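Structure at a glance
The residues making up each chain are set out below.
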Amino acid sequence: MKDLPGTGAPVHPDISALIPWYVNGSIGERERRRVDAHLAQCAHCRDELTREQWVYRSMTAETAVEYMPSVSLNRLQARLDGIGVAQPEPAEEGESADTAAKPRRLSMPWQGLMAASVAVMAVALSLLAAERWQQYRARAAAPPDYHTVTISEPRAPGEAIRAVFSPTVTLGELQSILDEAQLRIVSGPTEAGVYSLAAKSRRPMSSSLALLRSHAQVRFAESTTSAPSEPFATP
Amino acid sequence: MAKHSAKEHDTELLVAVAAGSRRALEELYLGYHRRLARFLSRFTPRYENVEEIINDTFMIVWQSAKDFRYASQVSTWIIGIAYRTALKSLRRQKNHSSARSLDELPEQTIDPTGDTEVQDWLMHGLNQLPMEQRLTLELAYHMGHSLEEIAAITECPVGTVKARMFHAREKLRMYLPSLGGAASEWTARGG
């Protein structure tokens, strides 16, 4: 193994220990001056700094990947809806956090407890049923957050459309087409120019697909489901 | 109207979250999602895992906001929750894989002549680090946190953070023996 500049063991461990914070800019002023003064006279630590700056810049390099948080947020909201049944509803405006956090103390004659418990159970059951229904609806409605063009089926339940638009299409035209078809962009374009689109209304996907296919600015459109539940109305 | 700093805004949002505001939680979520997603995606390529860690983090934020003592910054608290959630999740994932330690690696034969190769090589070296050391390095370099902030995020003494950083750098140094040369060339090119 070669002992190239900056790769040998630190000659000055106390300065070496400060270098990461010097490199990321979070070091205090007094220590920064100390490191500066040392670097001016120590070639070995300058090599170490060079190496560490390279690692730092490599690790902070921007990636091209962007995530769309809205779908993930919808899933979090569904989970929160789920725990809403088990916990008291949080305080609304005007009510302090303290009062919201503490359970209310209710005084009730014991004769009423039986009837009240039956009522509470009935309410709890209905809330549970409603919550399950909400969860089911949320899962069914949530479009997949992404899928690749090499996989024939979307990752999560829910239909999506892959489409390629004409290279001459303007942003305004693209938005107009999507609005008309009641679709929104989930991801894309890929390097091949493929957009993944999901429904933003209850309009049948087959109808949106047909509309896309009829549009001159759409080069290609297909559903991501391999076996659509209803036939496409291809023009 | 005086412009609030991001820190003050986060504090206001967390106060509202503690009082039960779902809208405030949503705003906090959207404010942190990009930063957390980019950080977490350095450990796991699958967005499902990234999303799971972020959503688990914000479930805890929702449930624990009323217990936050404001002794630290809100961002430090949230990233600390994400750190512990990620650590748990990544350990679980690692148990399913057959990751090797640095000591078991054969002598390197890759010649890091191009930027991409060197970057890949660095990422491979990072992947070999023990999880706490890797996370410490990522919190410092990718996220830009200070030594004290990392101690608060990881709930460890400053000395532990220093030790993790030392060992992480030492192992990378052993793993990437010729990076000194690559780094010099790269720096000379203004990369």
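Further up the page is the structure itself.
Reference entry: report on the structure contained in this document.

Scoring rules and cut-offs
- All residue numbers refer to positions counted from 1 along the written sequence of the respective chain.
- Chains carry letters and ligands carry numbers; both start at the beginning, A for chains and 1 for ligands, and go up in the order they are written.
- Confidence filtering applies because this is a predicted model: local features only for residues at pLDDT of at least 70, side-chain atom pairs given and counted only at 80 or more, and all residues used for totals across whole chains, interfaces and linings.
- The secondary structure listing takes helices from DSSP runs of H or I that are at least 4 residues long and strands from runs of E that are at least 2 residues long, numbered from the N terminus.
- Exposed residues have 12 or fewer other C-beta atoms within 10 Å of their own C-beta, buried residues have 20 or more, and partly exposed residues fall in between, where C-beta atoms are placed from the backbone.
- In this description, a residue-residue contact is defined by the distance between C-beta atoms placed from the backbone, which must lie within 7 Å.
- We define the nonpolar core as any set of buried residues of the types Ala, Val, Leu, Ile, Met, Phe, Trp, Tyr and Cys, connected via C-beta atoms lying within 7 Å of each other.
- In this description, strands pair whenever DSSP reports at least two bridges between them.
- Here, axes are lines fitted to C-alpha atoms. For helices the fit covers the stretch in contact, and angles between N-to-C directions go from 0 to 180 degrees.
- It is the directions from the helix axis to the C-beta atoms whose arc is reported.
- Any angle that is under 35 degrees is reported as roughly parallel, and any over 145 degrees as roughly antiparallel; angles of 65 to 115 degrees are reported as roughly perpendicular and all others as oblique.
- Residues are grouped as follows: Ala, Val, Leu, Ile, Met, Phe, Trp, Tyr, Cys and Pro are nonpolar; Asp, Glu, Lys and Arg are charged; every other residue, Gly included, is polar.

Quick notes on the overall build of chain B
Scanning chain B from N- to C-terminus turns up 9 helices and 0 strands. Shown N-terminal to C-terminal, the secondary structure of chain B runs as helices and strands in the order α-α-α-α-α-α-α-α-α. Buried residues in chain B amount to 38% of all 191 residues. Residue pairs at least 24 apart in sequence account for 65% of intrachain contacts in chain B once pairs closer than 6 positions are excluded.

Examining the overall build of chain A
A count of helices and strands for chain A gives 8 helices and 4 strands. Reading chain A from its N end, one meets helices and strands in the order α-α-α-α-α-α-β-α-β-β-α-β. Residues classed as buried in chain A amount to 20% of the 235 residues present. Intrachain contacts of chain A at a sequence separation of at least 6 include 60% that bridge at least 24 residues.

Let's talk about the nonpolar core
Ranked by size, the top nonpolar core spans 59 residues in total, and within it Val17, Leu28 and Leu40 of chain B carry the most contacts. Per element, the largest residue contribution to this core is 8 residues, and it comes from helix α2 (residues 22-40) of chain B. Apart from the residues lying within four places of it in its own chain, the contact partners of Leu28 of chain B are Leu13, Leu14, Val17 and Val61 of chain B. The next biggest cluster of nonpolar side chains, apart from the first, holds 15 residues, and it includes Leu183, Ala198, Ala199 and Leu209 of chain A.

Examining the sheet that holds strand β1 (residues 160-165) of chain A
Pairing between sheet strands relies on hydrogen bonds along the backbone, with the strands arranged either parallel or antiparallel. Residues and elements named next belong to chain A. Ordered by their spatial adjacency, 4 strands build an open sheet running β2-β3-β1-β4, and the pairing between neighbours is antiparallel. Each edge of the open sheet carries a strand with a single partner, namely β2 (183-187) and β4 (218-223). The average undirected angle you get between the axes of adjacent strands in this sheet is 35 degrees. As defined by bridge partners, β2 adjoins strand β3 (residues 194-199) across 4 bridges and the pair is classed as antiparallel. What sits directly across from Ile185, in β3, is Leu197. On top of the sheet, helix α8 (residues 205-214) reaches β1, β2, β3 and β4; it is set at about 160 degrees to β4, its chief contact.

As for helix α7 (residues 147-154) of chain B
All names here are of chain B. By the burial criterion, the buried members of α7 are Leu147, Glu149, Ile150, Ile153 and Thr154. Along the long axis of α7, the arc covered by the buried residues comes to 160 degrees, so they all point the same way. Trailing α7 by a residue or two, Glu155 shows a phi angle of about 55 degrees, which is positive.

With respect to unusual backbone geometry
Trans peptide bonds make up most of the peptide bonds, and negative phi angles are found at most residues other than glycine. Notably, Gln182 of chain A is not glycine yet its phi reads approximately 55 degrees, a positive angle. Here Gln182 of chain A is to be found in the loop between α7 (171-181) and β2. Phi is positive for Tyr70 of chain B, close to 60 degrees, though the residue is something other than glycine. For Tyr70 of chain B, the location among the structural elements is in the loop between α3 (47-64) and α4 (74-96). The exposure class assigned to Tyr70 of chain B is exposed, which follows from the 10 C-beta atoms found within 10 Å.

Remarks on the pairing of β3 of chain A
Residues and elements named next belong to chain A. Here β3 lies mainly inside the structure; 5 of its 6 residues are buried. Looking at chain direction, β1 and β3 are connected through 5 bridges and run antiparallel. Looking across to β3, one finds that Arg162 is bridged to Ser196.

Some details on the packing of helix α6 (residues 131-141) of chain B against helix α8 (residues 158-175) of chain B
All names here are of chain B. Here α6 crosses α8 at 95 degrees, and the two axes come no closer than 8 Å. Comparing the axis directions of α6 and α8 gives the class roughly perpendicular. Of the residues in α8, those in contact with Glu132, Gln133, Arg134, Thr136, Leu137 and Ala140 of α6 are Val161, Arg164, Met165, His167 and Ala168. In the contact of α6 with α8, the residues fall into 5 nonpolar, 3 polar and 3 charged.

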